[in-house]
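# Structure assessment
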Amino acid sequence: MAVLSTLLHATAFSRPFLSTIVPSIALAYTLQAAVAVPSIIAQSERFYDLSGSLTYLSCTALSLYLPTIRARYAAAAAGAIKPAWPSVLGALRGASGAGLNWRQLVLSAAVSVWATRLGTYLFQRISADGSDSRFDDIRQSPPKFLGAFFAQATWVSLCLMPILAINSLPVSVFASLPAAVGITDVIGILLYVGGLSFEVVADRQKNGWVQEKKEKKHEEDFLTRGLWSKSRHPNYFGEATLWTGIATVAGGVLMSGPGQVGMGLAGWGLLGKAIAAGVCGVSPAFVSFLLLKVSGVPMSEGKYDKRYGDREDYKKWKRETPMLIPKL
């Protein structure tokens, strides 16, 4: 309890927004450091991606329940009755006094579903392959390997920013919002479902193609069928789209009048709305930057360009197939 008390006091900022975001980000770096140490010693990246997913799940859960933990601790310290833990079913029904809003639950669940799916998929892949080529040049260098884990903590922190922000809002904020589903909710949820579906189908098509190649059912050197005939990187398109959906739902809340009050930005006018938009927009923007400029498209296409860059069929596929946004 003494440790918890110290941590709660150290992160008790005047704005609930910061009181939730700072501890959640600190947790991301702590978890990644904890996994980095044994991974560096073993010179193994086997648990790298899985640890990323677990960090997403842990930080999301912390942000969802931290406001209640603070309220219960404050009540106990004052000798008052502790508030009840949030009711998930009550929140989904829109019941008053549930302690959570359905948007907080939906976005937290959306991230959890995505993280669980991606983490298990990547863990199964590295378990089958034995290694990940991304780490060939860094796994034997402790500083570089540690940097990769801290980079993953940064990735988690920036991508989760819309969820951390909306989960930091007091319950009273949502009581001031319309109970009905709004246009940003509809657009955001559709983008998320569409993006996740696109990513899952693309990954399954790639896995099926790889398995067929191992079974000598084809001799293709690169995949140009299914969604991969519509986009050279349909999985990355799905990834960027789903995070855009999450940011859209969160943005509809944070840029509203009650949302501005909850973030401590009441009276800031356009600047306050710009800050809220930036908090939400950093997620899809950072994902797109990573995929297009860092570890996604550049690494993938660089590898294939080196192998097949002189072949006419490869040039034709690149010429006729968009890099990211699928053709109709």
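Rules of the game
- Residues numbered from 1 in each chain as written.
- Predicted model: local features only at pLDDT ≥ 70, side-chain atom pairs only at ≥ 80, totals over all residues.
- Heavy atoms only, no water.
- Helix = DSSP H or I, 4+ residues; strand = E, 2+ residues; numbered from the N terminus.
- Rg over C-alpha atoms; globule rule 2.2 N^0.38 Å.
- Buried < 20%, exposed > 50% of the residue type's maximum accessible area, 1.4 Å probe, protein only.
- Contact = heavy atoms within 4.5 Å.
- Areas by Shrake-Rupley, 256 points an atom, 1.4 Å probe, with all protein chains shown as cover.
- Lys, Arg positive; Asp, Glu negative; His and termini not counted.
- Charge placed at Lys NZ, Arg CZ, Asp CG, Glu CD.
- Phe/Tyr/Trp six-rings, centres within 6.5 Å; stacked < 30°, edge-to-face > 60°.
- Core = buried A, V, L, I, M, F, W, Y, C linked by side-chain atoms within 4.5 Å.
- UniProt positions renumbered as here; feature names shortened; annotations may be inferred.
- Expected span 1.5 Å × (residues − 1).
- Salt bridge = Lys/Arg side-chain N within 4 Å of Asp/Glu carboxyl O.

The name given to the chain in an unreviewed UniProt entry is Steroid 5-alpha reductase C-terminal domain-containing protein, with the source organism recorded as Letharia columbiana.

### Details of the overall build of the chain
From N to C terminus, the chain includes 14 helices and zero strands. The helix and strand sequence of the chain, counted from the amino end, reads α-α-α-α-α-α-α-α-α-α-α-α-α-α. Against the compact-globule benchmark of 20 Å for 328 residues, the chain has a radius of gyration of 22 Å, which places it among compact chains. On the principal axes, the C-alpha backbone points of the chain span a range of 75 × 50 × 35 Å. Taken across its 328 residues, the chain has 43% of its residues classed as buried. Contacts spanning at least 24 positions in sequence make up 75% of the contacts within the chain whose residues lie at least 6 apart. Approximately 16,400 Å² of the chain is accessible, and the part contributed by carbon and sulfur atoms is 65%. A distance of 8 Å separates the average location of the 32 positive side-chain charges in the chain from that of its 21 negative side-chain charges.

### A closer look at the packing of aromatic side chains
Inspection of every chain in the model, using the stated rule, returns 19 aromatic pairs. Ring geometry for Y56 against W155: centres 5.1 Å apart, planes inclined by 85°, an arrangement best described as edge-to-face. Residue Y56 is found in helix α3 (residues 48-78), and its partner W155 is found in helix α6 (residues 142-159); the two are separated by 99 residues along the sequence. The exposure classification of Y56 matches that of W155, with both residues buried. Ring plane angle 75° and centroid distance 5.2 Å describe the contact between F198 and F237, whose orientation is recorded as edge-to-face. Taken together, the residues F198 in helix α9 (residues 183-214) and F237 in helix α10 (residues 234-254) connect sequence positions 39 residues apart. When its relative accessible area of 22% is taken as the criterion, F237 is described as partly exposed. Each residue in the set F222, Y304, Y308, Y314 and W317 is aromatic and connected to the rest through ring pairs, giving one cluster.

### Regarding the nonpolar core
Ranked by internal contacts, the top residues of the largest apolar core, which has 49 residues, are Y56, W114 and W243. With nine residues, α10 is the largest single contributor of residues to this core. If near-sequence neighbours (up to four positions away) are discounted, Y56 is found in contact with V111, W114, A115, W155, V156, C159, L160 and W243. Residues A36, F135, I138 and F145 belong to the second largest nonpolar core, which totals eight residues.

### Considering unusual backbone geometry
Non-glycine residue Q43 carries a positive phi angle of around 50°. As for its placement among the helices and strands, Q43 is situated in the loop between α2 (16-42) and α3. The class of Q43 is partly exposed, set by a relative accessible area of 39%. With phi around 65°, K216 is a residue other than glycine that occupies positive phi space. If you trace the backbone, K216 turns up in the loop between α9 and α10.

### Notes on the UniProt feature "transmembrane region" (unreviewed entry) in the chain
In this structure's numbering, the residues bearing the UniProt feature "transmembrane region" (unreviewed entry) are residues 145-165, 171-194, 236-254 and 274-292. Spanning residues 274-292, this segment combines 100% helix with 0% strand, and its end C-alpha atoms are found 25 Å apart.

### As for α6
Spanning 18 residues, α6 covers 26 Å between terminal C-alpha atoms, matching the ideal 26 Å at 1.5 Å per step. Every buried residue of α6 is listed here: F145, A148, F149, Q152, A153, W155, V156, S157 and C159. Where α6 is buried, its residues touch α2, α3, α5 (102-129), α7 (161-167), α10 and α12 (270-294).

### As for the pattern of salt bridges
Under the counting rule described, the total for this entry stands at 18 salt bridges. Where E220 meets R225, a salt bridge forms, and the shortest distance between an N and an O atom there is 3.3 Å. Residue E220 is classed as partly exposed on the basis of its relative accessible area, which comes to 28%. Across the pair D305 and K318 runs a salt bridge, and its minimum N-O distance is 3.1 Å. Taken together, the residues D305 in helix α13 (residues 297-308) and K318 in helix α14 (residues 312-320) connect sequence positions 13 residues apart. By relative accessible area, which is 32% here, D305 ends up partly exposed. Because the salt bridges share partners, they merge into one network encompassing K213, D221, R311 and D313.

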